[in-house]
Amino acid sequence: MTKYQNGSQQIGELGEAIFNLHAREKLNLIPNKVGSDYGIDFNCQIVGETFGSKRSIVAEFLMANVKSSSYPNPTATLEQSDLEFSLKTSQPLVFILVNVNTKEVYHRFLDEDLITMFHDRLMKGKKSLSLNSKIMSKDPDNFTEQLTLVNTRKYQNKLGLMKARLGLEKIIGKTRLDIHQTEDGSIAIVEVDQLENLFEKTHALFPHVRVSFLAHDLDKLELPRDAFKDVSANLDDIADHASLVAPIHNDVVQLSLCRNGREVMSCNWEFRWFGDEMAYYHPSGLSLVFSQRRRGDDDHYHHHMEIIFSEKNANSLFEHPDIVLFLGRMRPGDTIKSSLSNAEFSFVDYWPDLLQITEIIKVIPNIYNKLDIEPIVQLRHLQERDIACTYLIINQFVQKTKSIIGFVVGNEDIDISVYRVMKTVMVCPFIVTLPEGQFLLKIKYDGEVLYSETPDQIVGVKSAKNPIVISCTPIEIPGFNGPALLVIPDKVAIIYSGYQEPESIKNPLNEGLAFIN
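Please read these numbers as outputs of a predicted model, since none were measured by experiment.

Draft legend 1. View of the pairing of strand S7 (residues 128-132). Alternating positions in S7 separate cleanly, Leu129 and Leu131 being buried on one face and Ser128, Ser130 and Asn132 remaining unburied on the opposite face. Taken together, the five bridges between strand S4 (residues 75-79) and S7 define a ladder with antiparallel strand orientation. Following the sheet pairing, glutamate 79 is matched in S7 by serine 128.

Listed below in structure tokens is the structure:
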């Protein structure tokens with residue numbers, strides 16, 4: 001069967017032949033035709049300096065995309081595949097336009113302007129782009145000058161960064177991209193404006209990222225590239241390693257504590273967000289998190305609520321007197337109002353666990369004043385059960401009213417009516433565990449003790465009042481746990497209210513309950 005060649009094919013082949021000859025004679029190139037069209041037509045070896053009748057051949061190549069035209073005002077039509085290839089290649093690339101009638105050869109090297117033009121064209125969904133000869137040059141000297149520039153590693157690295165940045169923007173929106181050189185190789189630092197839709201929720205780092213955005217005192221977050229969707233392909237060619245940096249989104253808002261329709265007090269918080277979650281974050285290390293409505297297992301939609309505590313660099317929460325006062329003033333039934341809206345909501349309904357925190361916040365200023373300890377307590381400590389219990393028990397130890405101390409040494413079924421009640425002054429040593437460490441706390445009381453005549457001894461304590469803190473000294477007891485314990489002559493006992501045998505361990509200290517007649 002006879003094969004025919006259409007006009008476009010004839011023009012294309014003629015243009016390539018003209019370029020082949022022109023490149024060898026005028027441009028110091030040796031063009032090699034590429035068998036399959038992957039976005040280029042020729043891979044051209046660059047010819048070096050001429051020595052007499054000989055020319056040196058260097059190990060450097062220039063890719064050429066050749067288009068041909070028979071029109072008086074020729075244009076090069078680049079298809080979508082041409083544009084996409086140009087944005088992916090890491091090699092120098094030149095676009096050639098041949099006027100087959102005049103045998104004029106125009107050139108335009110791939111540069112920043114063309115990269116931007118190609119990217120914008122593809123982002124708009126366009127399938128092609130025309131390069132007019134008016135934005136190209138046919139001067140061989142200009143070709144040589146431009147080739148010297150674009151063939152440098154510095155220039156290609158610059159284009160590589162730009163291509164990578166534009167490629168990332170297709171995935172994650174606006175970015176800033178930079179390369180840093182280290183002893184371990186090059187590192188691509190990608191700064192993104194929005195992170196939420198980019199991060200893989202199944203990645204092991206996702207919980208850390210979420211908490212960092214909602215509850216950490218950071219300006220930005222740096223993460224490895226493997227935590228993100230489709231990012232590596234845009235960075236592999238330009239750097240050995242990569243990480244992404246995202247800013248923490250926040251606005252300053254005022255939260256007001258309201259009671260019976262009246263504002264009790266207010267303080268400033270940061271309003272943060274990550275995905276469908278929002279948080280009121282306070283620099284003391286407290287974040288009140290709530291989400292948009294989510295469908296639950298019951299097929300109803302609910303808000304997800306959470307309190308997140310984070311460790312702070314501050315010495316103690318007392319460096320934030322505003323939050324101490326704010327939480328200390330909270331009462332059941334109070335509401336919180338944000339300056340972002342006029343809506344009020346109950347903190348008990350949203351974050352009921354705050355009630356425990358508020359009860360402790362009310363008493364700890366007086367406790368540290370009584371014990372004369374330099375505090376390092378932070379809000380995160382107050383969520384720990386033993387620490388919270390310790391503060392509440394110590395508060396009862398130092399109150400002027402009747403103390404919770406009361407026990408009988410022996411069987412809990414003993415009838416205390418058989419004992420005689422004697423008034424005395426006693427010194428009670430307590431082991432207390434606080435965020436600052438373990439302490440031996442000695443308090444003197446006016447007390448009532450239970451006396452047994454047979455044998456002749458004091459067997460318990462009925463009551464204690466009028467406390468005076470004598471001393472509070474640090475101690476070290478390896479492996480010792482417990483919120484607050486009374487040291488009696490041979491035991492260390494957990495304090496209970498009422499008259500029952502305390503749970504106890506052997507007394508590790510040379511201390512014990514003492515009575516002053």
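That was the structure; now back to the text.
Draft legend 2. Broad picture of the environment of threonine 424. Relative to the assigned elements, threonine 424 resides in strand S22 (residues 420-434). Residue threonine 424 is classed as buried on the basis of its relative accessible area of 12%. Separated by 24 residues in sequence, threonine 424 and glutamate 448 have C-alpha atoms that sit 6.1 Å apart.

Draft legend 3. Molecular detail of the environment of glutamine 399. On the secondary structure map, glutamine 399 appears in the loop between helix H11 (385-397) and strand S21 (407-408). Assessed through its relative accessible area of 31%, glutamine 399 is described here as partly exposed. C-alpha separation for the pair glutamine 399 and isoleucine 468, spaced 69 residues apart in sequence, amounts to 9.4 Å.

Draft legend 4. A look at the sheet that holds strand S15 (residues 286-291). A sheet is described by the order of its strands in space; here seven strands give the open sequence S18-S15-S14-S13-S12-S19-S20, paired in antiparallel fashion. The open sheet is flanked by strand S18 (305-309) and strand S20 (344-346), the only strands paired with a single partner. The average undirected angle you get between the axes of adjacent strands in this sheet is 30 degrees. Strand direction decides the pairing type here: strand S13 (residues 262-274) and strand S14 (residues 277-282), joined by five bridges, are antiparallel. When the sheet's bridge partners are listed, phenylalanine 271 is paired in S14 with tyrosine 280. Here helix H6 (residues 206-215) sits on the sheet in contact with S13, S14, S15 and S18, set at roughly 140 degrees to S13.

Draft legend 5. Representation of H6 within the structure. Summarising burial for H6: seven of the 10 residues are buried, a large majority. Those residues of H6 that fall on the buried side of the exposure criterion are Phe206, Val209, Arg210, Ser212, Phe213, Leu214 and Ala215.

Draft legend 6. Up close: helix H2 (residues 80-88). Listing the buried residues of H2 in full gives Asp82, Leu83, Ser86 and Leu87. Projected down its long axis, H2 carries its buried residues within an arc of 130 degrees, all on one side.

Draft legend 7. Local environment of the layout of surface pockets. Counted as a void, the second largest pocket has a volume near 450 Å³. For the lining of the second largest pocket, the elements supplying multiple residues, two or more each, are helix H1 (7-26), strand S3 (54-69) and S4. A per-element tally of the lining of the second largest pocket places H1 first, with six residues. Here the residues of the lining of the second largest pocket sort into six nonpolar, nine polar and six charged.

Draft legend 8. Main features of the pattern of salt bridges. Within the structure shown, the criterion is met by eight salt bridges. A salt bridge links lysine 138 to glutamate 104; the nearest nitrogen and oxygen atoms lie 2.5 Å apart. Placement of the pair is lysine 138 in the loop between S7 and helix H4 (140-150) and glutamate 104 in strand S6 (residues 104-109), with a sequence separation of 34 residues. Looking at lysine 138, the relative accessible area reads 44%, which means it is partly exposed. Given the relative accessible area of 23%, glutamate 104 is considered partly exposed.

Conventions we followed
- Residues numbered from 1 in each chain as written.
- Predicted model: local features only at pLDDT ≥ 70, side-chain atom pairs only at ≥ 80, totals over all residues.
- Heavy atoms only, no water.
- Buried < 20%, exposed > 50% of the residue type's maximum accessible area, 1.4 Å probe, protein only.
- Helix = DSSP H or I, 4+ residues; strand = E, 2+ residues; numbered from the N terminus.
- Pairing = 2+ DSSP bridges.
- Axes fitted to C-alpha atoms, helices over the stretch in contact; angles between N-to-C directions.
- Contact = heavy atoms within 4.5 Å.
- Arc of directions from axis to C-beta.
- 1 Å grid on protein atoms, 1.4 Å probe; cavity = no way out; pocket = protein on both sides within 12 Å on 5 of 7 lines; lining within 4 Å.
- Points joined across faces, edges and corners; volume = space filled by probe spheres on them.
- Nonpolar A, V, L, I, M, F, W, Y, C, P; charged D, E, K, R; others polar.
- Salt bridge = Lys/Arg side-chain N within 4 Å of Asp/Glu carboxyl O.

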